[in-house]
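So you can see what is in the structure, the chains are spelled out below.
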Amino acid sequence: MRCDTSCAGLNGSRYGQPCRELQVTTSALAMLRASVVAATSPGSKAEALARVGVCLAQLGRFEEARDILLELRKEYSTGHFPRVLIRIMIFEGIISYYENLVNSSDRLRRAHILSKVGGITDLQAESSVWMAHFAFNFENYSEFGLSLSDAINKFEILDDSCRARTCLLVADALQYLANRSAASDWYILARILCRRAHDHGLMTAIEYNRLGIGLSRIRVDRALGHVDNSSGHRDWLAELGSVKRLHVGFDARALTELLELCDAYTHEISGDYSSACTVLERIRDSGSAARCGVSDCLLTLEIEWCRVKNSGVSSSNEYLGVDISDIESLTQNDRLIALMMIKDAFGDARSTLDADWYTHLIDEAMRHFDQTVSDMSAAIEVTQKSYSIIHSLVMNK
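Participant: Sorry, what's going on with the overall build of the chain here?
Facilitator: A tally of regular secondary structure across the chain gives 21 helices and zero strands. Put simply, the chain has 397 residues, and 54% of those count as buried. Of the roughly 16,900 Å² of accessible surface on the chain, 50% is carried by carbon and sulfur atoms.

Participant: Where do I start with the side chain of Arg61 in this structure?
Facilitator: Looking at where Arg61 falls in the secondary structure, it is placed in the loop between helix 3 (42-58) and helix 4 (62-76). Here Glu64 takes part through its side chain, which lies 2.9 Å from a polar atom of the side chain of Arg61.

Participant: Looking at this structure, I do not really get the nonpolar core. What am I missing?
Facilitator: When a protein is soluble and globular, its nonpolar side chains tend to lie buried together. If you look at the biggest cluster of nonpolar residues, it comprises 88 residues, and the most contacted ones within it are Phe136, Phe144, Cys167, Trp186 and Ile390. Setting aside residues no more than four positions away along its own chain, Ile390 makes contact with Ile152, Phe155, Cys167, Trp186 and Leu189. Counting 36 residues, the second-largest nonpolar core is a separate cluster that includes Ala48, Tyr76, Tyr97 and Ala111.

Participant: Looking at this model, I keep getting lost on helix 2 (residues 28-38). Mind explaining?
Facilitator: Structural remark: α-helix, 3.6 residues per turn; residues separated by three or four positions point the same way. Buried residues of helix 2: Ala28, Leu29, Leu32 and Val36, and no others. The buried residues of helix 2 occupy an angular sector of 100° when the element is viewed end-on, so they sit on one face. Away from its buried face, by an angle of more than 90 degrees, helix 2 presents the exposed residues Val37 and Ala38. Packing partners of the buried residues in helix 2 comprise helix 3 and helix 10 (180-197).

Participant: Could you clarify how one ought to interpret the environment of Tyr76 in this entry?
Facilitator: Take Tyr76: it is sitting in helix 4. Sequence-wise, Tyr76 and Ile88 are 12 residues apart; in three dimensions their C-alpha atoms are separated by 8.8 Å. For Tyr76, the residues in contact, after removing those within four places along its chain, are Pro42, Ala46, Phe81, Val84, Leu85 and Ile88.

Participant: I tried to follow the packing of aromatic side chains on my own but got confused; where do I start?
Facilitator: For any pair of aromatic rings, the description consists of the separation of the ring centres together with the inter-plane angle of the planes. This model, assessed by the stated rule, comprises 10 aromatic pairs. For the pair Tyr97 and Tyr98, a centre-to-centre distance of 5.1 Å together with 80° between the ring planes defines the contact as edge-to-face. Taking the relative accessible area as the measure of exposure, Tyr98 reaches 0% and is therefore buried. Taking the centre distance of 6.1 Å and the plane angle of 75° together, the rings of Tyr97 and Phe138 count as edge-to-face. Taken as a pair, Tyr97 in helix 5 (residues 82-100) and Phe138 in the loop between helix 7 (121-137) and helix 8 (141-153) lie far apart in primary sequence, 41 residues in all. Ring pairing ties together the aromatic residues Tyr97, Tyr98, Trp130, Phe134 and Phe138, which thus form one cluster. A cation over a ring is seen here: Arg219 above Tyr265, with NZ or CZ 3.7 Å from the ring centre.

Participant: Sorry, what's going on with the packing of helix 7 against helix 9 (residues 160-176) here?
Facilitator: The geometry of a pair of packed helices is captured by two quantities: the angle between their axes and the separation between those axes. Here helix 7 crosses helix 9 at 25°, and the two axes come no closer than 10 Å. Overall, the two elements helix 7 and helix 9 adopt an arrangement that is roughly parallel. As helix 7 runs across helix 9, the sense of the crossing is left-handed. Judged by residue contacts, Glu126, Val129, Trp130, Ala132, His133 and Phe136 of helix 7 engage Cys162, Arg165, Thr166, Leu169, Asp172 and Ala173 from helix 9. A breakdown of the residues in the contact of helix 7 with helix 9 according to their chemical character gives seven nonpolar, two polar and three charged.

Rules and cut-offs
Residues numbered from 1 in each chain as written. Predicted model: local features only at pLDDT ≥ 70, side-chain atom pairs only at ≥ 80, totals over all residues. Heavy atoms only, no water. Helix = DSSP H or I, 4+ residues; strand = E, 2+ residues; numbered from the N terminus. Buried < 20%, exposed > 50% of the residue type's maximum accessible area, 1.4 Å probe, protein only. Areas by Shrake-Rupley, 256 points an atom, 1.4 Å probe, with all protein chains shown as cover. Polar contact = N/O pair within 3.5 Å; in protein donor to acceptor, adjacent residues only side chain to side chain. Core = buried A, V, L, I, M, F, W, Y, C linked by side-chain atoms within 4.5 Å. Contact = heavy atoms within 4.5 Å. Arc of directions from axis to C-beta. Phe/Tyr/Trp six-rings, centres within 6.5 Å; stacked < 30°, edge-to-face > 60°. Lys NZ or Arg CZ within 6 Å of the ring centre and 35° of its normal. Axes fitted to C-alpha atoms, helices over the stretch in contact; angles between N-to-C directions. Parallel < 35°, antiparallel > 145°, perpendicular 65-115°, else oblique. Left-handed = near helix turned anticlockwise from the far one by under 90°. Nonpolar A, V, L, I, M, F, W, Y, C, P; charged D, E, K, R; others polar.

So, in structure tokens, the structure goes:
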């Protein structure tokens, strides 16, 4: 599951009141727009405008963001304003990612190199934050570790939104690694910083990620045959409802389809396969599977699996309506889930499975998962020594 990127006063069932309180504060978008008006030079105005565009992209308001990008390209493409040029590159990478889910890290890497060569330390740090964000989502854990380390080392010169995103990245990795206690510590820091920045888009992402990554890890654990009884006691539907209310309250449109996917996964974990099937069919019929980061193959298979689970009858449809070649073409993470569903759906009719084929693919998928855990753990190792320093910087401001 893609990530976008609980705060002490904003967690769990207490979302009702804090949401209303936050809505009356000045949002990050309003503050950024005010900084455009207050700018005293062409360069500072262009930088402020680029930051407005980034904020709009995070909120899913892509048409407005693209208009700003076109304006900046037209006026500042000559390179006479190095800081503006670097901000445009960062902006280009971010809007491409949020709008089309493409890995636009090349723009961020170029921005990082130019800012480093030019000694523009704050933009070097900011580009590192976004490089880490993209690397995490596209499973490039080597770059994730290097970029995260740079962001942590330059934490003091980042603004509060970038600081919050840095803490969120650490929390998300820990959440996927099932280190929920440490993840909670970093989520708390991210929330505090988000509130200071009035960054509603990121605030929504924090709660979505906590939920979405938690659900994703449960799906993997179930596929591996590991059952975490403690997670079964959580009211996932209530948590999903809280995230949805926050999403609507802050007019954050970028995560709409992903919340649909969380909805389906939550129903599955709750054992309501009929409702899960309905949501998955809605995703398929709306053509939004790609926006959710879900392959057509896995979506088709999961719909059929939900139907089997709902009926309580083992499937007689070999591989649940998908070809073996389609399963082999899945990413290793998706393949692990797919193979679990196939095996689960056949029940007593497992003899229809090619045992050697199944064993080979499941072994590969499990090795990949183990490698992912190892690589992700190594990437965030720097944060174990940095938490007390970051905590002090956040709390003593």
